[in-house]
Amino acid sequence: QSVLTQPPSASGTPGQRVTISCSGSSSNIGSNYVYWYQQLPGTAPKLLIYRNNQRPSGVPDRFSGSKSGTSASLAISGLRSEDEADYYCAAWDDSLSVQVFGGGTKLTVL
Amino acid sequence: QLQLQESGPGLVKPSETLSLTCTVSGGSISSSSYYWGWIRQPPGKGLEWIGSIYYSGSTYYNPSLKSRVTISVDTSKNQFSLKLSSVTAADTAVYYCASSLEQLGRFDPWGQGTLVTVSS
């Protein structure tokens, strides 16, 4: 059971906006930065969002991150077939002294 | 632009030590403000942070693995390494190395990953 809770699956049609949630606690999301990673099938994860809502260069602005209290969200607008992947949230946990990942959300583009 | 590449045995026997190396290109492993980390992913499962080493030499380990893990840096070869002792089948996973700038959790970029199977 992951310290950060994500829905196991999400779906949307091309062009739609989809959000993926990540629920934590005061010791992780509530007091530290949240990161989001995209893992396309058979490949290594890729950083999508850092410091809650910052995009690395090269990441389309269709991807956005937000944080409120002990929860965070990743939003993907203008959904494309190539967005079909697993998405992971992550944060440092002060109580456990560990970088924790959510269980991952498999996004399907219908 | 940084590039990372993992290398090491793909098969390790139970109770032995898993040893992997990550070669860094496109930059110096001694660059300030960088962490160098290891993350693993069991087949069909999620990501687990193993540990990271800061450019200064400070190490940070997952408490659940701390007693078995050692991460070190070889500046002469621009490499960092992972040693995981007393492995069991539960340590079978794809092992990734990654760099982190300024924040330990900001893993970017990642190596392509290497599958390590623990089996006799």
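Below or above, wherever it landed, is the structure these notes cover. Predicted model only: the values in this text are computed from it and were never measured.

1. Some remarks on the overall build of chain A
Link 1 in the chain: The helix and strand tally for chain A stands at zero helices and nine strands.
Link 2 in the chain: Reading chain A from its N terminus to its C terminus gives the helix and strand order β-β-β-β-β-β-β-β-β.
Link 3 in the chain: At 13 Å, chain A has a C-alpha radius of gyration in line with the 13 Å of a compact globule built from 110 residues.
Link 4 in the chain: Taking the principal axes of its C-alpha atoms as reference, chain A extends roughly 40 × 30 × 25 Å.
Link 5 in the chain: Of the contacts made within chain A by residues no fewer than 6 positions apart, 57% connect residues no fewer than 24 positions apart.
Link 6 in the chain: Entry remark: accessible area of chain A is about 5,000 Å², with carbon and sulfur atoms responsible for 45%.
Link 7 in the chain: One finds the centroid of the 8 positive side-chain charges in chain A at a distance of 6 Å from the centroid of its 7 negative side-chain charges.

2. Regarding the pairing of strand β4 (residues 34-41) of chain B
Residues and elements named next belong to chain B.
Link 1 in the chain: The buried fraction of β4 amounts to eight of the eight residues, a majority that puts the element mostly inside the structure.
Link 2 in the chain: Here β4 shows no split at all, with Tyr 34, Trp 36, Trp 38 and Arg 40 on one side and Tyr 35, Gly 37, Ile 39 and Gln 41 on the other all buried.
Link 3 in the chain: Pairing between β4 and strand β9 (residues 93-101): eight bridges, direction antiparallel. By the bridge assignment for β9, Arg 40 is matched with Tyr 95.
Link 4 in the chain: Of the pairings in the sheet, the one linking β4 to strand β5 (residues 48-54) comprises six bridges and is antiparallel in character. In the strand pairing of β5, Ile 39 is matched with Trp 49.
Link 5 in the chain: What sits between β4 and β5 in their antiparallel hairpin is a turn of six residues, with Gly 44 showing a positive phi close to 75°.

3. Re the environment of Asp 83 of chain A
Residue and element names in this part refer to chain A.
Link 1 in the chain: Note that Asp 83 resides in the loop between β6 (71-76) and β7 (85-93).
Link 2 in the chain: With 48 residues separating them along the chain, Asp 83 and Tyr 35 place their C-alpha atoms 17 Å apart.
Link 3 in the chain: Contacts of Asp 83, omitting those with residues within four sequence positions, involve Gln 38, Arg 62, Phe 63, Ile 76, Gly 78, Leu 107 and Val 109.

4. Brief notes about the sheet that holds strand β8 (residues 79-84) of chain B
Residue and element names in this part refer to chain B.
Link 1 in the chain: Strand order in the open sheet formed by four strands is β1-β3-β8-β7, and the pairing between neighbours is antiparallel. Because the sheet does not close on itself, it has two edges, and the strands there are β1 (3-7) and β7 (69-74). Strand-to-strand twist of the sheet, defined as the mean angle between neighbouring strand axes without regard to direction, takes the value 20°.

5. Some details on unusual backbone geometry
Link 1 in the chain: Omega for the bond connecting Asp 108 of chain B with Pro 109 of chain B falls within 30 degrees of zero, at 0°, which places this linkage in the cis form.
Link 2 in the chain: A positive phi angle, near 55°, is found at Ser 97 of chain A, a position not held by glycine.
Link 3 in the chain: On the secondary structure map, Ser 97 of chain A appears in the loop between β7 and β8 (98-101).
Link 4 in the chain: Exposure remark for Ser 97 of chain A: the relative accessible area of 38% places this residue in the partly exposed category.
Link 5 in the chain: Located in the positive-phi region is Asn 78 of chain B, a residue other than glycine, with phi close to 55°.
Link 6 in the chain: Mapped onto the elements, Asn 78 of chain B comes out in the loop between β7 and β8.
Link 7 in the chain: Given the relative accessible area of 16%, Asn 78 of chain B is considered buried.

6. Here we look at the pattern of salt bridges
Opposite charge on two side chains lets them pair, provided their charged atoms get close.
Residue and element names in this part refer to chain B.
Link 1 in the chain: Summed over all chains, the structure comprises six salt bridges over all chains.
Link 2 in the chain: Where Arg 68 meets Asp 91, a salt bridge forms, and the shortest distance between an N and an O atom there is 3.0 Å. Remark: Asp 91 occurs in the loop between β8 and β9 and Arg 68 occurs in the loop between β6 (59-61) and β7; sequence separation between them is 23 residues.
Link 3 in the chain: Through salt bridges with shared partners, one network takes in Arg 40, Glu 48, Arg 68 and Asp 91.

The rules we used
Residues numbered from 1 in each chain as written. Chains lettered and ligands numbered in written order. Predicted model: local features only at pLDDT ≥ 70, side-chain atom pairs only at ≥ 80, totals over all residues. Heavy atoms only, no water. Helix = DSSP H or I, 4+ residues; strand = E, 2+ residues; numbered from the N terminus. Rg over C-alpha atoms; globule rule 2.2 N^0.38 Å. Contact = heavy atoms within 4.5 Å. Areas by Shrake-Rupley, 256 points an atom, 1.4 Å probe, with all protein chains shown as cover. Lys, Arg positive; Asp, Glu negative; His and termini not counted. Charge placed at Lys NZ, Arg CZ, Asp CG, Glu CD. Buried < 20%, exposed > 50% of the residue type's maximum accessible area, 1.4 Å probe, protein only. Pairing = 2+ DSSP bridges. Axes fitted to C-alpha atoms, helices over the stretch in contact; angles between N-to-C directions. Salt bridge = Lys/Arg side-chain N within 4 Å of Asp/Glu carboxyl O.

Interpretation in functional terms is not warranted from these geometric data alone.
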